[in-house]
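# Inside the fold
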Amino acid sequence: MIRIYNTLTQKKEEFRPIEPGKVRMYVCGMTVYDYCHLGHARVLVAFDVVTRYLRHRGYDVEYVRNITDIDDKILRRADENGEAYTSLTDRMIQAMHEDEARLGVLSPDEEPRATAYIDDIIAMIQQLIAGGHAYAADNGDVYFSVESFPDYGKLSKKKLDDLIAGARVDVQEAKRSPADFALWKAAGPGEVSWQSPWGDGRPGWHIECSAMSTRCLGNTFDIHGGGPDLLFPHHENEIAQSECATGHTFVHTWMHAGAIRVNKEKMSKSLGNFFTIREILETYPAEVVRYFLVSSHYRSQVDYSEENLAEAGRTLTRLYHALRGIVPASSGEVPETEHDRRFAEVMDDDFNTAGAISVLHAVANEINQLRRDGEDQAARRSAAVLVRLGAVVGLLQQDPEAFFQADTGSDLTAEEIERMIQARADARKDKNFAEADRIRDELADKGIVLDDSREGTTWRRA
RNA sequence: GGCGCGGUGGCAGAGUGGUUAUGCAGCGGACUGCAACUCCGUGUACGCCGGUUCGAUUCCGACCCGCGCCUCCA
């Protein structure tokens, strides 16, 4: 039985999909006006693990993650760049797909783009107006009337009175209440726009997710996820829009990832302290970044630091060492082990990847012991377990040599390194240890570490 | 101010009413020409004060500290 923490009820609940065996999940994806940063990576990886694990447990998962490709920030950035907004969004979408692939994030089943759902968006706004939940203002905007939805605030636990009194929200003449938010924004002269019953304009920020999720997954679906800062207002507003438009419960389980921090401050656009994924991947192997993200629980806050990434690298290296130089048995031939059961036990508890990783280490330890004792067949079976459990969290799927020898940052080619290793082997045979050590030191200076074993010497990047 | 989350060993990070998290780093030993890798062994923990309990790091309350959202942000 899988238990998931539900932001709506603020507790872990037994997960029961609406349709047995089938999971419908929607995750808020990117607004594509810039490269993805580490915070995006966290959400991508977190829900990638959720999807992989649910499938591992036998569920048929329909995973939808949208792309918001029309929005004020996009238009502003395109304008600054002097390019068409579609050229900006095309570029950023392609970059996002590259980043995802490098992090081992599987593609969602559907990736709806807001601009392809304008008709659905307009239809939903019409439903809201017809139901008395929205109104067209004199300026051509259409607003959602927050007071028309008694449950407003149920996700973020906010009281409408506090929101209005706090009123850091836009106070605009056209709004009936300061907490009302735009469903449709009238276009200014020369701005990108679509035709609508209220004049030319574009969708507001929140409506596209309501329209796309409903269109792709139905009025009510199982899981809706996203980053921590979407909880309010974005997800709160989605609930209001969808439940008022359809008359049905929108989502059963709300999941939110924890924030990434840098130097004890939240990493955010407004603070300007964010790292893009591609920036980080210049310094660290992608799988190390993924390991770093998976090594703590998806809801906890994590601190990005060089020290933490370096440690993730050392730890992942240990796991790959266990797999080095042996061919895992075929997984189908290895029945469920105690490790598989333990892994499922911790993952069933709200996707506890930190606990799952401790199981991975236990398996690696077992492999190393078996190899020490010459139990090669048993070691191959345990290796199969390690690889199949690693797959569920998206780790350890590379050939170990590829992991060890990629991105050396060294000028030496593999051939040159092999030649030096051979020269060292010759020197050792002649008991010329001074020369052997000189070669080893020279390689170390260039970021190459040697590992000696009975079978010979292998190398890896430091 | 409103709402919410958290304080675990040198560091990272799970978890539990009484019994080993795990990893990194450290220390001792084995292996090694010496190292690295690996193996064996090993130390240091649950913010503070009360309460409940036979027993609390784990439940309850107060306090201190940190953080997030309330504004574009994943």
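Residues numbered from 1 in each chain as written. Chains lettered and ligands numbered in written order. Predicted model: local features only at pLDDT ≥ 70, side-chain atom pairs only at ≥ 80, totals over all residues. Heavy atoms only, no water.

Under an unreviewed UniProt entry, the name given to chain A is Cysteine--tRNA ligase, and the source organism is Marinobacter koreensis. Looking at chain A in UniProt, the text filed under Catalytic activity (unreviewed entry) is "tRNA(Cys) + L-cysteine + ATP = L-cysteinyl-tRNA(Cys) + AMP + diphosphate". Checking UniProt for chain A, the heading Sequence similarities (unreviewed entry) contains the comment "Belongs to the class-I aminoacyl-tRNA synthetase family." (UniProt positions renumbered as here; feature names shortened; annotations may be inferred.)

This brings us to the UniProt feature "binding site: Zn(2+)" (unreviewed entry) in chain A. The positions UniProt marks with the feature "binding site: Zn(2+)" (unreviewed entry) are Cys 28, Cys 209, His 234 and Glu 238. These residues run over 211 residues, yet every pair of their C-alpha atoms falls within 10.9 Å of each other. One can find His 234 in helix α7 (residues 231–246). If near-sequence neighbours (up to four positions away) are discounted, His 234 is found in contact with Cys 28, Trp 205, His 206 and Cys 209. Structurally, Glu 238 is set in helix α7. (Helix = DSSP H or I, 4+ residues; strand = E, 2+ residues; numbered from the N terminus. Contact = heavy atoms within 4.5 Å.)

Now for the environment of Arg 65. Topologically, Arg 65 is positioned in strand β4 (residues 60–68). With 256 residues separating them in the primary sequence, Arg 65 and His 321 have C-alpha atoms 35 Å apart. Beyond its immediate chain neighbours, meaning those up to four positions away, Arg 65 contacts Val 27, Cys 28, Gly 29, Leu 44, Glu 100, Val 105, Pro 108, Glu 110, Glu 111 and Pro 112. A polar atom in the side chain of Arg 65 sits 3.0 Å from the side chain of Glu 100. (Polar contact = N/O pair within 3.5 Å; in protein donor to acceptor, adjacent residues only side chain to side chain.)

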